[in-house]
Amino acid sequence: MNIEMKLQSYGDVECRVPLSKRTTFRIGGTCKYFIYPKNELCLLRILDILEEEGIPHRIFGKGSNILCSDDDYEGAILCLDRYFTDFFFEEEGSCLVQAGASIIMLAHEAMKKSFSGLEFASGIPGTLGGAVFMNAGAYKSDISQILKEVYILKDRSIVVMRVEELEYAYRHSIFQSHRDWIILGARLQLQLGDQKEIRDLMDSRRKRRMDSQPLDKPCAGSMFRNPKDHQAWQLIEEIGMRGTRIGGAMVSEKHANFIVNEDHARAEDVVQLVEVIQKEVQDRFGVELITEVEKFNWKI
């Protein structure tokens, strides 16, 4: 039995998938196997098969906040946003969520039950697992503020770690230095609130996003983290980079901290534009801009 047939017993398998079709940036080479594991047991078996065959792997959610290189990836991407999507609310606001669940959808479901705490996430186009990994946030809130514990596949065992153990900081978690750990889900703690107030806040923020962000163009969200005492977009604005273009990549005319795929951009176009911005900001203000977007399949 060949590898593809083995894998197909445990998940939906696609071969030679262009990552430009699996990322919000619409950029990237092809990956050898793109797999949707059917459940935790299937995930374990898929990991065993990949290890037996010497095939590297990476976990994906919805492909947001990531810049894939233009090179092909001779490995497997395991995507959890098809089958690992269940969530369960309890009366007191505790919420158990699988890693592949959309946090936008989760925020809306919480609102329907009059639970507050996820309003900040109602416009973040990622999964719960991705949010836990990078400590996603907006409007001075982030996932760590409502996180109680995380369920992790670690050395082929499922372990539970409390939020205090996970080294959370601005756009940082322990998972970024333990990439062999797989986030399976998490337990959140929400608070009972007024449904109309929660809905109105989410609606106003949606309008604000639509008015201020280039949601009509492929991108990966905010490109840079906000340095201490600064807003990244303001620094980029002040060096006159709004609308600057390299190849098919362009600093958004609408929001200077977004780089958009204006016209069939290559990953190298984005990287060159990032480096120009970083150098100009460093030279002008003495401030280091650090990217928020994760890079995948780049040669060091």
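What you see is a predicted model; the values in this text were computed from it and never measured. (Residues numbered from 1 in each chain as written. Predicted model: local features only at pLDDT ≥ 70, side-chain atom pairs only at ≥ 80, totals over all residues. Heavy atoms only, no water.)

**Overview of empty space enclosed by the protein**
Stated formally: The way it works is a 1 Å grid over only the protein atoms, where trapped points that fit a 1.4 Å probe form a cavity and open points with protein on both sides within 12 Å along at least five of seven lines form a pocket, and then any residue with an atom within 4 Å of a point lines it. Grid points are joined across faces, edges and corners, and a volume is the space filled by probe spheres set on the points. As a working rule, the residues Ala, Val, Leu, Ile, Met, Phe, Trp, Tyr, Cys and Pro are called nonpolar, Asp, Glu, Lys and Arg charged, and the rest polar, with Gly in that last group.
With the rule as written, the count across this model stands at 1 cavity of 30 Å³ or more. Approximately 30 Å³ is the volume attributed to the largest cavity. In terms of lining, the largest cavity is formed by Met-134, Arg-171, Gln-176, Arg-225, Glu-292 and Glu-294. Classifying every residue of the lining of the largest cavity by side-chain character gives 1 nonpolar, 1 polar and 4 charged.

**Some words on the pairing of strand β7 (residues 94-98)**
Rules: Only protein chains enter the accessibility calculation, which uses a 1.4 Å probe. A residue is then buried if its area is under 20% of the maximum for its type, exposed if over 50%, and partly exposed in between. The way it works is that DSSP assigns letters per residue, a run of H or I at least four long becomes a helix, a run of E at least two long becomes a strand, and they are numbered from the N terminus. Strands are labelled as partners when DSSP assigns at least two bridges between them.
Counting buried positions along β7 gives 4 out of 5 residues, so the element sits mostly inside the fold. In terms of strand pairing, β7 meets strand β13 (residues 182-189) through 5 bridges, oriented antiparallel. Considered in β13, the bridge of Leu-96 is made with Arg-187.

**Some details on the packing of aromatic side chains**
For the record, the criterion: Here is the rule: rings of Phe, Tyr and Trp (six-membered ring for Trp) pair when centre to centre is within 6.5 Å. Planes less than 30 degrees apart are stacked, more than 60 are edge-to-face, and the remainder are tilted.
In total, this model carries 7 aromatic pairs according to the counting rule given. Centroid distance Phe-34 to Phe-60: 6.4 Å. Interplanar angle 90°. Geometry classified as edge-to-face. Of this pair, Phe-34 sits in strand β2 (residues 30-37) while Phe-60 sits in strand β3 (residues 57-60); the two residues are 26 residues apart in sequence, bridging distant segments of the chain. The same class applies to Phe-34 and to Phe-60, which are both buried. Aromatic pair Phe-60 and Phe-296: ring centres 5.6 Å apart, planes at 70°, arrangement edge-to-face. Of this pair, Phe-60 sits in strand β3 while Phe-296 sits in strand β18 (residues 294-296); the two residues are 236 residues apart in sequence, bridging distant segments of the chain. As far as burial versus exposure is concerned, Phe-60 and Phe-296 are alike and both buried.

**Some thoughts on the domain arrangement of the protein**
How we decide: How far each domain reaches was decided by an automatic or database domain assignment. We call two residues in contact whenever any of their non-hydrogen atoms come within 4.5 Å of each other. As used here, buried area is the combined drop in accessible area, with a 1.4 Å probe, of two parts when they are placed together.
By domain assignment, the protein separates into domain 1 (3-79), domain 2 (87-212) and domain 3 (232-296). A C-alpha centroid distance of 29 Å is found between domain 1 and domain 3. Residue-level contacts link 14 residues of domain 1 with 14 residues of domain 3. Both sides of the domain 1 and domain 3 interface together cover about 1200 Å² of buried area, and 61% of this is carbon and sulfur.

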